[in-house]
Amino acid sequence: MIANKSITYKVVVFYSLMIMMIISCSKKVTAVTEADPWKRMESIVKSIPETHFSGKTYNVNDFGAVADGKTSNTLVFEKAIKACASNGGGKVLVPNGKYLTGPIHLESNVNLHLEDNAEILFSLNPKEYPIVHTSWEGTEVMNYSPLIYAKGKTNVAVTGKGTLNGQADSTNWWIWSGGKNYGWKKGIPSQNDPNNREVLVDMAEKGVPVAERVFGEGRYLRPNFIEFFECNTVLVKDVTIINAPFWILHPIKTNNMIIDGVTVNSHGPNNDGCDPEYSQNVIIRNCTFNTGDDCIAIKAGRDGDGRRVGLPSKNIIVQNCKMIDGHGGVVIGSEISAGVNNVFVENCNMDSPNLDRAIRIKTNSKRGGVIEDVYVRNLEVGTVKECVLKLNMFYNVYGSQTGNFIPTIRNISLENVNVKNGGKYSVWAEGYKESPVENVTLKNVKIQKVDSIYKLKNVKNIKFINTYINERKVNN
């Protein structure tokens, strides 16, 4: 008995020491990961699951599709997708040709796949778009269905080298923006009429339930193009997207999404290329954005509605992308009330006389929000119009945007960035006295042909490490 107790004691001691060693090693690994944000990014990438589909194929032509660009195929797409989903999933194939349709609603385990010369043209008749739970400029609403929509689905995709054509221009959807550059003239109804956009924002601030925020016909709020709402494990790959009514790729409350090799070419009003909102674990890679608004704009809800939802966007990764025209290359905000953190941008090319900024964060004291831990490296920037890095707590649109929710912007890093034509400012950063922009680092950055080194107001702890502006080294 004594011997057995001695052996038992030794075994317990041995395993206790082993557990302590494992915990110690784990802590060291965690510490290294925390110290190196790019190691953290690698861990996030590895953690994101990929879509997998059955080998079954459902050709829309077998369901009666007509590829003449004139005959409506709305019911055909619906039947093919439902047949695919009800039989365990697989590929819904859109062969070469032009297919006119109303909105397409996806199901779990379905991959909508376009052949190389397939083009889906979406109807310009608003009456074909049913009212669904969606979001408009950061405010949840019951509004026109997005052109492609999935809500509460898992393992879903849109793939293939074909084209998705929203057909928007200055004669239809865009005119609703109220912008004179998009066909609007005095007397034409628009989103800016008193009973439309302003009413939605007011409803949200008063806490009106989303189910009672019913818009649609007569309210002129344009639909999003592709929206994954409360979805998980999503892929959008290789498609070309043109002529969007409004925001183009919009994952909202969606986790584990990969956007890969997508080309966006759409210059309408509010034509953001990609707007992850309240979403986590999103990779945007190998894409080209040529847009009428921000190329990528990471969101987290507007004002009171964003605080109600309270889901920050985080673990957003942008890799190997090309940004051409746009208000900004990678932007965070302005609908940002629930906050954003852990954003990684690397190996991107940004270049256009119509690209206003490379990296931009925009918020104000109505939005609030904590925006932190934004890491950027290995950028090649040709020309930007206004500045390379803009961090602004006083973003102002639709009139006065001041309130009692002072935002936070901190821990922003740019490394290995080369800029040929930097515009007006290398860095433009403005914070509040009680909440300065904090911890900004530029390391191994070279910016040429810029009017001013920086424009700073209430900025704390900005560092220039081996950084040259107009061929001169910048001292801290």
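Calculation criteria
Residues numbered from 1 in each chain as written. Predicted model: local features only at pLDDT ≥ 70, side-chain atom pairs only at ≥ 80, totals over all residues. Heavy atoms only, no water. Helix = DSSP H or I, 4+ residues; strand = E, 2+ residues; numbered from the N terminus. Rg over C-alpha atoms; globule rule 2.2 N^0.38 Å. Contact = heavy atoms within 4.5 Å. Areas by Shrake-Rupley, 256 points an atom, 1.4 Å probe, with all protein chains shown as cover. Pairing = 2+ DSSP bridges. Axes fitted to C-alpha atoms, helices over the stretch in contact; angles between N-to-C directions. Core = buried A, V, L, I, M, F, W, Y, C linked by side-chain atoms within 4.5 Å. Buried < 20%, exposed > 50% of the residue type's maximum accessible area, 1.4 Å probe, protein only. Salt bridge = Lys/Arg side-chain N within 4 Å of Asp/Glu carboxyl O. Polar contact = N/O pair within 3.5 Å; in protein donor to acceptor, adjacent residues only side chain to side chain. Patch = residues over 30% accessible without salt bridge, like charges linked within 9 Å, V, L, I, M, F, W, Y side chains within 5 Å. Expected span 1.5 Å × (residues − 1). Arc of directions from axis to C-beta. Phe/Tyr/Trp six-rings, centres within 6.5 Å; stacked < 30°, edge-to-face > 60°.

Novice: Mind laying out the overall build of the protein chain, listing which residues take part and the relevant values?
Specialist: Tallying secondary structure elements over the protein chain gives 5 helices and 35 strands in all. A compact globule built from 476 residues should have a C-alpha radius of gyration of about 23 Å, and the protein chain, at 24 Å, falls within 12% of that. When its C-alpha atoms are laid out on the principal axes, the protein chain stretches across 80 × 70 × 45 Å. For the protein chain, the proportion of contacts with a sequence separation of at least 24, taken over those separated by at least 6, is 74%. Within the structure as shown, the protein chain displays about 19,800 Å² of accessible surface, and the carbon and sulfur contribution to it stands at 50%.

Novice: Summarise the sheet that holds strand E24 (residues 330–333); cite the residues concerned and give the values.
Specialist: A sheet is described by the order of its strands in space; here 6 strands give the open sequence E21-E24-E26-E28-E30-E32, paired in parallel fashion. Each edge of the sheet is formed by a strand with only one pairing partner; in this case those strands are strand E21 (296–298) and strand E32 (450–457). Strand-to-strand twist across the sheet, computed as the mean angle between neighbouring axes with direction ignored, equals 15 degrees. In this structure, strand E30 (residues 423–430) lies alongside E32, joined through 6 bridges in parallel fashion. Residue pairing in the sheet places Tyr425 in a bridge with Ser452 of E32.

Novice: With reference to specific residues and values, describe the nonpolar core.
Specialist: Core analysis: the biggest nonpolar cluster contains 109 residues, and Leu106, Leu164, Phe228, Ile241, Leu249, Ile284 and Met350 have the highest contact counts within it. Leave out the neighbours within four places in its chain, and Leu106 touches Ile81, Leu112, Ile148, Tyr149, Ala150, Lys153, Val156, Ala157, Val158 and Phe228.

Novice: Lay out the sheet that holds strand E5 (residues 104–105) in plain terms, naming residues and giving numbers.
Specialist: The strand order E5-E10-E13-E16 describes an open sheet built from 4 strands, whose pairing is parallel. In this open sheet, the two strands that pair with only one neighbour each are E5 and strand E16 (249–252). Here strand E10 (residues 148–151) runs beside strand E13 (residues 226–229); their pairing, made up of 4 bridges, is parallel. In the strand pairing of E13, Lys151 is matched with Phe229.

Novice: A description of the pairing of strand E11 (residues 154–160) should follow, citing residues and the corresponding values.
Specialist: Consecutive residues of a regular strand have side chains that alternate between opposite faces of the sheet. Where burial is concerned, most of E11 is hidden: 6 out of the 7 residues are buried. Where strand E6 (residues 110–114) and E11 come together, 4 bridges link them in parallel fashion. Looking at the pairing, His113 lines up with Thr159 of E11.

Novice: For the pattern of salt bridges, give the residues involved together with the corresponding values.
Specialist: Under the counting rule described, the total for this entry stands at 26 salt bridges. Linking Lys98 and Glu119 is a salt bridge whose minimum nitrogen-to-oxygen distance equals 2.5 Å. Within this pair, whereas Lys98 is found in strand E4 (residues 97–101), its partner Glu119 is found in strand E7 (residues 118–122), the two being separated by 21 residues in sequence. Exposure remark for Lys98: the relative accessible area of 40% places this residue in the partly exposed category. Arg357 is paired through a salt bridge with Glu386; the nearest N and O atoms lie 2.8 Å apart. Taken together, the positions of Arg357 in strand E26 (residues 357–362) and Glu386 in the loop between strand E27 (370–383) and strand E28 (387–392) put the pair 29 residues apart, joining distant regions of the chain. Overall, Glu386 belongs to the buried group, its relative accessible area being 15%.

Novice: Would you mind going over the environment of Arg307 in detail, with residue names and values included?
Specialist: Tracing the chain through its elements places Arg307 in helix H5 (residues 303–309). Owing to a relative accessible area of 29%, Arg307 belongs among the partly exposed residues under this scheme. In this structure the C-alpha to C-alpha distance between Arg307 and Glu115, which are 192 residues apart in sequence, comes to 42 Å. For Arg307, the residues in contact, after removing those within four places along its chain, are Ser337, Lys366, Arg367, Gly368 and Phe405. Among the polar contacts made by the side chain of Arg307, one reaches the main-chain carbonyl oxygen of Arg367 at a distance of 3.0 Å.

Novice: So what about a nonpolar patch on the surface? Which residues, and what values?
Specialist: Taken together, Ile453, Tyr454 and Leu456 make up a surface patch of nonpolar side chains, about 250 Å² in accessible area. For Tyr454, the position within the fold is in strand E32.

Novice: Tell me about helix H3 (residues 74–86), and name the residues and values.
Specialist: With 13 residues, H3 should reach 18 Å at 1.5 Å per residue; the first-to-last C-alpha distance of 18 Å fits that figure. Residues of H3 that are buried: Val76, Phe77, Ala80, Ile81, Ala83 and Cys84. Along the axis of H3, the buried residues cluster in a sector spanning 160 degrees; they form a single face. Turned more than 90 degrees away from the buried face of H3 sit Leu75, Lys79 and Ser86, all of them exposed. Of the residues flanking the end of H3, it is Gly88, one or two places downstream, whose phi is positive at about 95 degrees.

Novice: Mind laying out the pairing of strand E8 (residues 131–136), listing which residues take part and the relevant values?
Specialist: Two strands pair when backbone bridges link them, and E8 and strand E9 (residues 139–144) are joined in this way by 6 bridges, in the antiparallel orientation. Note on E9: the bridge partner recorded for Thr134 is Val141. Connecting the antiparallel pair E8 and E9 is a turn made up of 2 residues, with Glu137 showing a positive phi of about 50 degrees.

Novice: Quick rundown of the side chain of Arg367? Include the residues and the values.
Specialist: The topology assignment puts Arg367 in the loop between E26 and E27. At a separation of 3.1 Å, a polar atom in the side chain of Arg367 contacts the main-chain carbonyl oxygen of Ser334. When sequence neighbours within four positions are dropped, the list of residues in contact with Arg367 reads Arg302, Asp303, Arg307, Ser334, Glu335, Ile336, Ser337, Gln401 and Phe405.

Novice: Please set out the packing of aromatic side chains residue by residue, giving values where relevant.
Specialist: A full pass over the atoms with the stated rule returns 14 aromatic pairs. Look at Tyr144 and Trp173: their rings are 6.4 Å apart centre to centre, the planes differ by 70 degrees, and that puts the pair in the edge-to-face class. Residue Tyr144 is located in strand E9, and its partner Trp173 is located in the loop between strand E12 (163–165) and helix H4 (197–205); the two are separated by 29 residues in the primary sequence. The class of Trp173 is buried, set by a relative accessible area of 2%. Note on Trp174 and Tyr182: the rings are 6.0 Å apart at their centroids and 80 degrees apart in plane angle, and the pair reads as edge-to-face. The buried category is assigned to Trp174, whose relative accessible area is 10%.

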